[in-house]
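Architecture at a glance
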Amino acid sequence: MSSNMQVKRICQFCQQEFMARTTVTKYCTHKCNSRAHKAKARQAKLQASHLEMVKVKESRKVDLSSQEVLNVAQAAQLLETTKKAVYKMIASGRLFAAKLSPRRIRILRCDVDALFISDTPLSDLRPFITEREFNIKDGYHMAEIQEKFGISEKALYSLIKRHHIPKYPDGWYVYVPKQAIDKLLTKIEDKDEGNDQKKTITAWQVIDLSRFLATHYQPRYR
């Protein structure tokens, strides 16, 4: 039974406006109808594949609640961390492990549980950490350091990170203590033997700033 009714509709596939003869028409042409059907079938296949992958992953998980001997991957799963972190704990001595072969390490469950048992109670040190007030007049911003010492931005940030120099953001700029930078980057006059003219070069002193920074600037607690 044909209908003379004309209704404006939006195609659910191409999102174009068209004139339909019924109020329930979804697609403007047979081509859009076919493409929408194929897209739905493709999406259903992808969803089924994803559910299958999740099911396989869940089946591979081992119940560690009653397991007394663990490998590194299982210890990382139990601690909810990475294998790299477990290897670091083993290397530092925090976690005891038995090396059965060059590529086989085993860890006792009781040693993992011992990480959370401490003879001394934990204390909150935050009230004892005081942050020293910093005046931006006593600091350089990054562009000023690059211009004064002739150092690139990448090298500057690398040095600041390597020597744990504190940074103080203020508006658009980030400041670092002048004393720390002057102690790290110094101007040295180098005189050529065959030339009386002096040329100034920038030398990066390989020094330990930990004692200097500890006495002058307290690190921020995060």
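Being a predicted model, the structure only gives us computed values, none of them experimental.

**A few points about the sheet that holds strand 7 (residues 168–170)**
If you trace the three strands from one edge of the open sheet to the other, you get 6-8-7, paired in antiparallel fashion. In this open sheet, the two strands that pair with only one neighbour each are strand 6 (139–141) and strand 7. Along the sheet, successive strands turn relative to each other by an average axial angle of 35 degrees, direction set aside. Packing of helix 5 (residues 142–149) onto the sheet brings it into contact with strand 6 and strand 8 (173–177), and relative to strand 6 it is tilted by some 90 degrees.

**Re the sheet that holds strand 4 (residues 98–101)**
A sheet is described by the order of its strands in space; here three strands give the open sequence 3-5-4, paired in antiparallel fashion. Strands at the two margins of the open sheet, each flanked by one partner only, are strand 3 (69–70) and strand 4. With three bridges joining them, strand 4 and strand 5 (residues 104–108) adopt antiparallel strand pairing. The residue bridging Lys99 from the neighbouring strand is Ile105, located in strand 5.

**Concerning the pattern of salt bridges**
Scanning all chains against the criterion turns up two salt bridges. Across the salt bridge formed by Glu17 and Lys8, the nearest N and O atoms sit 3.8 Å from each other. By relative accessible area, which is 53% here, Glu17 ends up exposed. Across the pair Arg109 and Asp113 runs a salt bridge, and its minimum N-O distance is 3.4 Å. Within this pair, Arg109 and its partner Asp113 are both found in helix 4 (residues 109–113), separated by four residues, close to a single helical turn. Looking at Arg109, the relative accessible area reads 17%, which means it is buried.

**Section: the packing of helix 5 against helix 6 (residues 153–162)**
Running from N to C, helix 5 and helix 6 point in directions that differ by 110 degrees, and their axes come no closer than 10 Å. Taken as axis vectors, helix 5 and helix 6 run roughly perpendicular relative to one another. Relative to helix 6, the crossing made by helix 5 is right-handed. Across the interface between the two elements, Met142, Ile145 and Gln146 from helix 5 touch Glu153, Leu156, Tyr157 and Ile160 from helix 6. Considering only residue class, the contact of helix 5 with helix 6 consists of five nonpolar, one polar and one charged.

**Brief notes about helix 6**
Residues that lie three or four places apart on an α-helix share one face, since the helix turns once every 3.6 residues. Those residues of helix 6 lying buried are Ala155, Leu156, Leu159 and Ile160. End-on view of helix 6: buried residues confined to an arc of 135 degrees, all on one side of the axis. Of the exposed residues in helix 6, the ones pointing more than 90 degrees away from its buried face are Lys154, Lys161 and Arg162. In the segment just after helix 6, His164 is the residue with positive phi, at about 55 degrees.

**Examining the pairing of strand 5**
Burial along strand 5 is one-sided: the residues Ile105 and Ile107 are buried and none of Arg104, Arg106 and Leu108 is. Pairing of strand 3 with strand 5, which is carried by two bridges, proceeds in the antiparallel orientation. Across the sheet, Val69 pairs through a bridge with Leu108, a residue of strand 5. Hairpin connection of strand 4 to strand 5: two residues between the antiparallel strands.

**What about helix 5?**
Those residues of helix 5 that fall on the buried side of the exposure criterion are Met142, Ile145 and Phe149. Down the axis, helix 5 shows its buried residues gathered within 60 degrees of arc, on one side only. Following helix 5 by one or two positions, Gly150 has its phi on the positive side, about 65 degrees.

**Considering the state of the cysteines**
Scanning the model with the defined rule gives zero disulfides in all. Free cysteine: Cys32, not disulfide-bonded; nearest cysteine sulfur from Cys28 at 3.6 Å. In this structure Cys32 comes out as buried when scored by relative accessible area, which is 9%.

Calculation notes
Residues numbered from 1 in each chain as written. Predicted model: local features only at pLDDT ≥ 70, side-chain atom pairs only at ≥ 80, totals over all residues. Heavy atoms only, no water. Pairing = 2+ DSSP bridges. Helix = DSSP H or I, 4+ residues; strand = E, 2+ residues; numbered from the N terminus. Axes fitted to C-alpha atoms, helices over the stretch in contact; angles between N-to-C directions. Contact = heavy atoms within 4.5 Å. Salt bridge = Lys/Arg side-chain N within 4 Å of Asp/Glu carboxyl O. Buried < 20%, exposed > 50% of the residue type's maximum accessible area, 1.4 Å probe, protein only. Parallel < 35°, antiparallel > 145°, perpendicular 65-115°, else oblique. Left-handed = near helix turned anticlockwise from the far one by under 90°. Nonpolar A, V, L, I, M, F, W, Y, C, P; charged D, E, K, R; others polar. Arc of directions from axis to C-beta. Disulfide = S-S within 2.5 Å.

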